Amino acid sequence: MPGRCLAINISARQIADGRLDGLLEPFFERVRQVGWQPEIEITETHLMNLSRRCLDKLREFGDKGVVVAIDDFGTGYSSLAYLHALPVNVLKIDQQFVQRLGQDGRDSRIVSAILAIAEALTLEVVAEGIETEIQKRKLQELKCHRGQGYLMARPSPWMSCHWIDKNQLTGKLRPVSCRFARFG
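(A) Here's a closer look at the overall build of the protein. The secondary structure content of the protein amounts to eight helices and seven strands. Buried residues in the protein amount to 42% of all 184 residues. The contacts of the protein with a sequence gap of at least 6 include a subset with a gap of at least 24, amounting to 62%. Summed over its atoms, the accessible surface of the protein is roughly 10,100 Å², and 51% of this surface lies on carbon and sulfur atoms.

(B) A look at the pairing of strand β5 (residues 124–127). With four bridges joining them, strand β4 (residues 90–93) and β5 adopt parallel strand pairing. Residue pairing for β5: Leu91 is matched across the bridge by Val125. Direction of pairing for β5 relative to strand β6 (residues 146–147): parallel, over a ladder of two bridges. When the sheet's bridge partners are listed, Val126 is paired in β6 with Arg146.

The rules behind each value
- Residues numbered from 1 in each chain as written.
- Predicted model: local features only at pLDDT ≥ 70, side-chain atom pairs only at ≥ 80, totals over all residues.
- Heavy atoms only, no water.
- Helix = DSSP H or I, 4+ residues; strand = E, 2+ residues; numbered from the N terminus.
- Buried < 20%, exposed > 50% of the residue type's maximum accessible area, 1.4 Å probe, protein only.
- Contact = heavy atoms within 4.5 Å.
- Areas by Shrake-Rupley, 256 points an atom, 1.4 Å probe, with all protein chains shown as cover.
- Pairing = 2+ DSSP bridges.

The structure is reproduced here in structure tokens:
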């Protein structure tokens, strides 16, 4: 199905490791072969400490069609100027803001502000940690693009996802988790 991403978390140390390309290129090729788009997630706090070389590496991934996402957004100290200059495509709203949606108006306003920032920077937004219908409805009202959490699906091995064509998966592809939903 079009529009499916397979995200992997990468640390700042791993981005700087010269062996990363040799490990990820074959993996990304396998992901593309089954019709998915590869995505790299790095936490907001790690992004603030990346060297110029690491940022260039993220740009290279983006140039090769890999989506670059900021994970746990809202928990670090990103400046808007820095955020604008980063080679990213997606912001993932940290679950601490999602968990209290519907209970405290401040969290709704924070999520709304993050969505406005993302729109200004033409970034897609994923809300993490959705566990209730109330949270999901509120995020849809706020026009959040995607969500993930136990409400949509529990983490499960990639090979058990029913939309994967098992005949296309050969070689050393390791199981990963899949859980997500696109809103709208």
